[in-house]
Amino acid sequence: LTGLFTNGLSLWTIFRTRHLWNAFGYSCASHAAGACGVLVVFVIYVTPMTFFSESIPKIFTNERVSYSVGQLSIAFYYGAVYAHILIATNRFVVISKPLSYTRYFSKEMTLRWIAVVWAVAILQSCMYQIDGCHYYYLKNEHTFTYSKTSCGEFISMYLEFGINLAFVFFVVVADTLTVIKLKVSSKVSICKFYMLTLLLLYHYSFINSML
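All figures in this text were calculated on a predicted structure; none of them were measured in a lab.

**Q** Before we move on, could you go through the overall build of the protein chain and cite the residues and values that matter?
**A** Scanning the protein chain from terminus to terminus reveals seven helices and two strands. Start at the N end of the protein chain and walk to the C end: the helices and strands fall as α-α-α-α-α-β-β-α-α. Put simply, the protein chain has 211 residues, and 38% of those count as buried. Across the protein chain, contacts joining residues at least 24 apart in sequence account for 69% of those joining residues at least 6 apart.

Laid out in structure tokens, this is it:
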């Protein structure tokens, strides 16, 4: 609930603050929306399944509903991850290519990027409705898991792990280059550079926790 509140507050703040009606604000709003979506799934579905499994409506235990909830959580999850990549790219471009920034991150272009982000996330989640390729909540073990099939094993071991590892690498590299470029171009003090490095490490730990 804390995460749902803070991400909801972020969305409300961006919506109410005109100074955030720009590429960075829109990207952050997209990220917060994805995070909210994942948390809503946990509040509405996972919590009742975990603590009230004996008294919840039978529809909660329906296999197709479980598969659909898993698909929905995947769509929101990757919507948030791709938005994080968009934010990292936005930071890199504004620092390293300021004269070209409006070409790639005007308001209209940013909205198009966000539309692409969510289209890819939704299309990617559709494969989890294929028989034998499901992602669902296992109430006995209190965790989401993949189908115990060759398809499920391939998705979990190679597709999911590979994609997330690539995204972590991309964001870490982009943020590292951004910090280096900022240090070189602005000649910031060692103290400020240290703080920027800590910020980079924070982003790394945040994305690493999503693996």
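**Q** Explain a nonpolar patch on the surface to me, and be specific about the residues and the numbers.
**A** Nonpolar side chains collect at one region of the surface, where Phe169, Val173, Leu177, Ile180 and Val184 lie side by side and expose about 470 Å² of accessible area between them. Secondary-structure assignment places Val184 in helix H6 (residues 150–186).

**Q** Describe the pairing of strand E2 (residues 143–146), and please don't skip the residues or the numbers.
**A** Examined bridge by bridge, strand E1 (residues 135–138) and E2 share four bridges and lie antiparallel to one another. What sits directly across from Leu138, in E2, is Thr143. From the end of E1 to the start of E2, which pair antiparallel, there are four residues, and His142 there has a positive phi angle of about 55°.

**Q** Mind laying out the state of the cysteines, listing which residues take part and the relevant values?
**A** One pass over the full model with this rule turns up one disulfide. Shown here is the disulfide that connects Cys133 with Cys151, its sulfur atoms set 1.8 Å apart. Disulfide Cys133 to Cys151: torsion about the S-S bond roughly 115°, handedness right-handed. Linking Cys133 in the loop between helix H5 (107–125) and E1 with Cys151 in helix H6, this pair joins segments that are 18 residues apart in sequence. A relative accessible area of 7% means that Cys133 is categorised as buried. Cys151 gets classed as partly exposed once you look at its relative accessible area, which sits at 24%.

What counts, and where the lines are drawn
Residues numbered from 1 in each chain as written. Predicted model: local features only at pLDDT ≥ 70, side-chain atom pairs only at ≥ 80, totals over all residues. Heavy atoms only, no water. Helix = DSSP H or I, 4+ residues; strand = E, 2+ residues; numbered from the N terminus. Buried < 20%, exposed > 50% of the residue type's maximum accessible area, 1.4 Å probe, protein only. Contact = heavy atoms within 4.5 Å. Patch = residues over 30% accessible without salt bridge, like charges linked within 9 Å, V, L, I, M, F, W, Y side chains within 5 Å. Areas by Shrake-Rupley, 256 points an atom, 1.4 Å probe, with all protein chains shown as cover. Salt bridge = Lys/Arg side-chain N within 4 Å of Asp/Glu carboxyl O. Pairing = 2+ DSSP bridges. Disulfide = S-S within 2.5 Å.

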